[in-house]
Amino acid sequence: MADECFGQPRLAAIYDPLDPDRSDLDVYVRMAEEFAARRVLDIGCGTGVFALLLADRGVEVVGVDPDEASLGVAQGKPGAERVRWICGDATALPPLQVDLATMTANVAQAIVGPKSWRETLRRAYEALRPGGRLVFETRDPAGRAWEEWNRRDSYQVTEIPDVGAVESWVEVTDVRGPLVTFRWTYTFAADGQVLTSDSTLRFREREEVEADLSAQGYVIDDVRDAPDRPGREFVFLARRPEAGSV
């Protein structure tokens, strides 16, 4: 589920300054509090923003991500020593018993292969204690979000300390069924270097996700809206049932 923008060191280093508004994570922090989660698994933790938000609140966090460059950024942040970082996907997880597992932002959609998706759900299930929950979001395909991914609507110039001005924009390169491929372009004013990052996301229907969760043994407690993007996202709350209960 690796995206090139996370794997290239120069791009991983500017990922946070290019996307400074992470209010999308507020709902996950609130759910961690709602479920009184003391141990959390952050799947696809990227540069560690969410993992560190929880660690600052005294939560025991395991962050797993396949990109070494992103983990390097995460591990260099204040408080990083309070998080257990693992380089790899969900198959690299050691035995765990967490209260909550999360996949924030685009993580669930970035796992495009059906086999990889099923394996991720299964490994998350195994990492949860009985009664623990998996929470993640995925865009509603009906919203056709990719139609807004173009240079005109996304172009920006960002001044980044110790880096300089960086131009960036996104363009869709292919739409094939539920798979949408797009390319981010970054131009560094300091030396003129141009880097690109190609990504593919899978847009799953709500019924498809519900069937996949049920097939792995989860009970679906709720499907919520994303408060900051009403009508555009499905936020799934799935639970590993306790023995003898549903």
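Residues numbered from 1 in each chain as written. Predicted model: local features only at pLDDT ≥ 70, side-chain atom pairs only at ≥ 80, totals over all residues. Heavy atoms only, no water.

**Student:** Looking at this model, I keep getting lost on the sheet that holds strand β10 (residues 219-224). Mind explaining?
**Tutor:** Strand pairs in the sheet, formed through backbone hydrogen bonds, run parallel or antiparallel to each other. As summarised here, the arrangement of the seven strands in space is β3-β2-β1-β4-β5-β11-β10, forming an open sheet in which the pairing is mixed. The two strands at the open ends of the sheet, each matched to only one other strand, are β3 (83-87) and β10. Direction aside, neighbouring strands of the sheet carry axes that sit 15° apart on average. Across seven bridges, strand β5 (residues 128-139) lies against strand β11 (residues 233-239) in antiparallel orientation. (Pairing = 2+ DSSP bridges. Helix = DSSP H or I, 4+ residues; strand = E, 2+ residues; numbered from the N terminus. Axes fitted to C-alpha atoms, helices over the stretch in contact; angles between N-to-C directions.)

**Student:** What's the story with the pattern of salt bridges in this structure? I'm lost.
**Tutor:** Opposite charge on two side chains permits them to pair, given that their charged atoms come into close proximity. Per the counting criterion, the structure on display carries 23 salt bridges. Residues D56 and R82 are paired through a salt bridge, measuring 2.3 Å at the closest nitrogen-oxygen approach. Linking D56 in the loop between α4 (49-55) and β2 (60-65) with R82 in the loop between α5 (68-75) and β3, this pair joins segments that are 26 residues apart in sequence. You can call D56 exposed: its relative accessible area is 51%. Through salt bridges with shared partners, a single ionic network connects E119, R122, R123 and E126. (Salt bridge = Lys/Arg side-chain N within 4 Å of Asp/Glu carboxyl O. Buried < 20%, exposed > 50% of the residue type's maximum accessible area, 1.4 Å probe, protein only.)

**Student:** Help me understand the packing of aromatic side chains in this model?
**Tutor:** When we look at a pair of aromatic rings, we describe it by the centre distance and by the angle of the planes. One pass over the structure, following the stated rule, counts 10 aromatic pairs. For the pair Y28 and F50, a centre-to-centre distance of 5.9 Å together with 65° between the ring planes defines the contact as edge-to-face. Note that Y28 is positioned in helix α3 (residues 26-34) and F50 in helix α4, a separation of 22 residues in sequence. Across this residue pair, the class does not change: Y28 and F50 are buried. Ring plane angle 45° and centroid distance 6.2 Å describe the contact between W149 and F203, whose orientation is recorded as tilted. With W149 in the loop between β5 and α8 (151-154) and F203 in the loop between β9 (194-202) and α9 (206-215), this residue pair connects regions lying 54 residues apart in the sequence. In this pair, the class of W149 matches that of F203, namely buried. Three or more aromatic residues joined by ring pairs make a cluster, and in this case those are W117, F136, F234 and F236. The ring of F188 is capped by R10, whose NZ or CZ atom sits 3.8 Å from the centre of that ring. (Phe/Tyr/Trp six-rings, centres within 6.5 Å; stacked < 30°, edge-to-face > 60°. Lys NZ or Arg CZ within 6 Å of the ring centre and 35° of its normal.)

**Student:** What is the right way to read the state of the cysteines from this model?
**Tutor:** For the structure on display, the rule yields zero disulfides. Here C45 stays unpaired: no disulfide links it, and the sulfur of C87, its closest cysteine neighbor, is 9.2 Å away. Assessed through its relative accessible area of 8%, C45 is described here as buried. (Disulfide = S-S within 2.5 Å.)

**Student:** Just to check I follow, could you spell out unusual backbone geometry for this structure?
**Tutor:** Working note: non-glycine residues mostly have negative phi, and peptide bonds are mostly trans. One non-glycine residue with positive phi stands out, namely R144, at about 45°. By secondary structure assignment, the location of R144 is in the loop between β5 and α8. For D162, which is not glycine, the phi torsion reads 65° and is therefore positive. Here D162 is to be found in the loop between β6 (156-160) and β7 (164-176).

**Student:** When you look at the environment of L128 in this model, what are you seeing that I'm missing?
**Tutor:** Tracing the backbone through its elements, the reader meets L128 in strand β5. Here L128 falls in the buried class, since its relative accessible area comes to 0%. Separated by 27 residues in the primary sequence, L128 and A101 place their C-alpha atoms 7.1 Å from one another. Not counting chain neighbours up to four residues away, the residues in contact with L128 comprise Q97, V98, D99, L100, A101, R133, L134, Y218 and R240. (Contact = heavy atoms within 4.5 Å.)

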